[in-house]
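# Structure assessment
Letter by letter, the chains look like this.
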Amino acid sequence: MRALAALPLLAALLTACGDSETTGRPVLNWYNFPDDSGALQEAATKCSRDSGGRYTIEYHKLPRAADGQRQQLVRRMAAQDSGLDILGLDVTWSAEFAEARWILPWTGADRRQAVRDTLRAPLQTATWKGKLYAVPYNTNTQLLWYRSDLVPKPPKTWAEMLRMAGDLAQQGKPHYVEIQGAQYEGLTAWFNTLVESAGGSILTPNALAPSLGPPAVKAATIMRNLATSPAADPSLSNQMEDQNRLAMESGTAAFEINYPFVYPSMKANNPELFKNFRWAPYPRVDADRPARPTIGGIDLAIGAYSNHPDLAFEAALCLRNRDNQITAAVKGGLPPTLRSLYDDPEVAASYPFAAEVLSALETASLRPKTPAYQNVSIAVSHTLSPPSGIKPESSINEIRTQIDDALQSKGLIP
């Protein structure tokens, strides 16, 4: 019985690792986040067709959570798995994978095509030690989403937003500020955005030591203030992006800090509430300093052990071409990495907040670029969870110590 149960898994593994026996053409395995919109599968189908029979792209869904995605890719690349041709990497992983020599650098004509018309910030996420190691597939940045029936004029700062939420609470109206408060990468991104918006950084420019300082204390204070105010959703400490989306769609919140995927979702799931669903720039920490929301997104890298690297480079460029990025933006709410698309009429029609997204991307901040980023992120999210328990001064001192140990490969990951 065990042997029979194992046969389907074995067959799946053999299919993923080899070429198509029926067509004789190479199969390029593309591992990426699970997409419910159908945009990624559509891109794989289009590029397979447009290759003229030279290759077939098979889209494989990674786990839904980013930590699970990274774990699967790391384990398979450490085993020198040749079945991974195109890797959809979170923007924080390029340095780690490049340093481990698990992905190939982009050179020559492939590199020139990869950088053409591509926004500066997404390119920075795919660059390590002066070399390009991936091509940005999509980018991402958060906006402030709010209900215009509750808030006629959106807040410009965090302090103003918390005051508005408090006033709505006193009136017995929906008033929560939905934000990522669970102990995971989203919490680190929230902290990084606040630190950068306050004029600081988590690491020094050379990424060899923690920076933090007063901007980090200010950031931690804002997080604690929200978590202990009427603006806090009771499930804040367990919430990720999708839980924020669902809470906003249910009508219990007035504000939401989230990515553009919430727009098509609200339109489909709550048309009545959608009539008053609006967007605004990410709230500022200081009124006289622009916010610097942390950039997100996916970069496409080529596995170092692929049996078809030349075809994989070609296919990756196809997957993120103009038409496929439009599809990803319109269907999945994923912001394009090609600058010219922000002026495209088709994108503008389904993406009315394109100007705000582009503006946010032009002032965006990056998470620390270091092969040890995963340890840095864990140190931050572990210490700042739950947000209601943050003690600004001592919490930042603890993060500083843990990051310093992580960068020197000392101590244990919390």
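Look up a bit, the structure's there.
The notes below deal with the structure included here. Just so we're clear, the structure is a prediction, and the values are computed from it rather than from any experiment.

### Considering the nonpolar core
Core analysis: the biggest nonpolar cluster contains 50 residues, and W30, L73, I86, F97, W106 and L300 have the highest contact counts within it. In terms of residue count, the dominant contributor to this core is helix α13 (residues 309-319) (eight residues). With 47 residues, the next largest nonpolar core counts W190, L203, A232 and I396 among its residues.

### Re the packing of helix α10 (residues 241-250) against helix α11 (residues 262-269)
Contact geometry for α10 and α11: axes closest at 10 Å, N-to-C directions at 40°. Classified by the angle between their axes, α10 and α11 sit oblique to one another. Every pair of crossing elements has a handedness; the one defined by α10 and α11 is right-handed. Counting all contacts with α10, which are made through R245, M248 and E249, the residues of α11 involved are V262, S265, M266 and N269. Classifying every residue of the contact of α10 with α11 by side-chain character gives three nonpolar, two polar and two charged.

### Some remarks on the state of the cysteines
Cysteine pairs can be covalently joined through their sulfur atoms, and such a bond is termed a disulfide. Counting across every chain of the model gives one disulfide. Across the disulfide, C47 is cross-linked to C318 (sulfur-sulfur distance 2.1 Å). The sign of the S-S torsion, about -100°, decides the handedness of the disulfide formed by C47 and C318: left-handed. Highlighted residues: C47 in helix α2 (residues 39-50) and C318 in helix α13, separated in sequence by 271 residues.

### Looking at unusual backbone geometry
Residue P386 follows S385 across a cis peptide bond; omega there is -5°. The phi dihedral of R101 is positive, around 60°, even though this residue is not glycine. Following the sequence through the fold, R101 ends up in the loop between α4 (94-99) and α5 (108-115). Under the relative-accessibility criterion, R101 is labelled exposed at 68%. The phi angle at D117 is positive, at roughly 70°, despite the residue not being glycine.

### Quick look at the layout of surface pockets
When its volume is computed, the largest pocket comes out at roughly 1,200 Å³. Together, 35 residues line the largest pocket, and F33, P34, R64, E241 and F261 are the ones closest to its centre. Breaking the lining of the largest pocket down by element, the ones donating at least two residues are α3 (66-78), β6 (135-140), α8 (185-197), α10, α11, β11 (296-302) and α14 (322-332). The element best represented in the lining of the largest pocket is α10, accounting for four residues. Residue composition of the lining of the largest pocket, grouped by class: twelve nonpolar, twelve polar and eleven charged.

### Some details on the sheet that holds β6
If you trace the five strands from one edge of the open sheet to the other, you get β2-β1-β3-β11-β6, paired in mixed fashion. Each end of this open sheet is capped by a strand with a single partner; those strands are β2 (56-61) and β6. For this sheet, the mean angle separating the axes of adjacent strands, direction not counted, is 20°. Pairing of β6 with β11, which is carried by five bridges, proceeds in the antiparallel orientation. Bridge pairing links N140 to G296 in β11. Contacting β1 (27-32), β2 and β6, α2 runs over the sheet at an angle of about 165° to β2.

### What about the packing of helix α9 (residues 214-227) against helix α18 (residues 392-407)?
Running from amino to carboxyl end, α9 crosses α18 at an angle of 120°, the nearest separation of the two axes being 9 Å. Between α9 and α18, the interaxial angle falls into the category oblique. In terms of crossing hand, the pair formed by α9 and α18 is right-handed. On α18, the residues that touch A216, V217, A220, T221 and R224 of α9 are P392, E393 and I396. Counted by class, the contact of α9 with α18 contains five nonpolar, one polar and two charged residues.

### Here's the deal with the side chain of S94
Turning to its location among the elements, S94 is positioned in helix α4. A relative accessible area of 1% means that S94 is categorised as buried.

### Details of the sheet that holds strand β8 (residues 176-178)
Adjacent strands of a sheet pair through backbone hydrogen bonds, lying either parallel or antiparallel. Pairing is mixed across the open sheet formed by four strands, whose spatial order is β8-β9-β7-β10. With one partner strand each, in any of the chains shown, β8 and β10 (277-280) form the two edges of the open sheet. When strand polarity is set aside, the average angle formed by the axes of neighbouring strands in this sheet is 20°. In this fold α11 packs onto β7 (143-147), β9 (253-258) and β10, with an angle of close to 170° to the strand it touches most, β10.

Parameters and conventions
- Residues numbered from 1 in each chain as written.
- Predicted model: local features only at pLDDT ≥ 70, side-chain atom pairs only at ≥ 80, totals over all residues.
- Heavy atoms only, no water.
- Core = buried A, V, L, I, M, F, W, Y, C linked by side-chain atoms within 4.5 Å.
- Buried < 20%, exposed > 50% of the residue type's maximum accessible area, 1.4 Å probe, protein only.
- Helix = DSSP H or I, 4+ residues; strand = E, 2+ residues; numbered from the N terminus.
- Axes fitted to C-alpha atoms, helices over the stretch in contact; angles between N-to-C directions.
- Parallel < 35°, antiparallel > 145°, perpendicular 65-115°, else oblique.
- Left-handed = near helix turned anticlockwise from the far one by under 90°.
- Contact = heavy atoms within 4.5 Å.
- Nonpolar A, V, L, I, M, F, W, Y, C, P; charged D, E, K, R; others polar.
- Disulfide = S-S within 2.5 Å.
- 1 Å grid on protein atoms, 1.4 Å probe; cavity = no way out; pocket = protein on both sides within 12 Å on 5 of 7 lines; lining within 4 Å.
- Points joined across faces, edges and corners; volume = space filled by probe spheres on them.
- Pairing = 2+ DSSP bridges.

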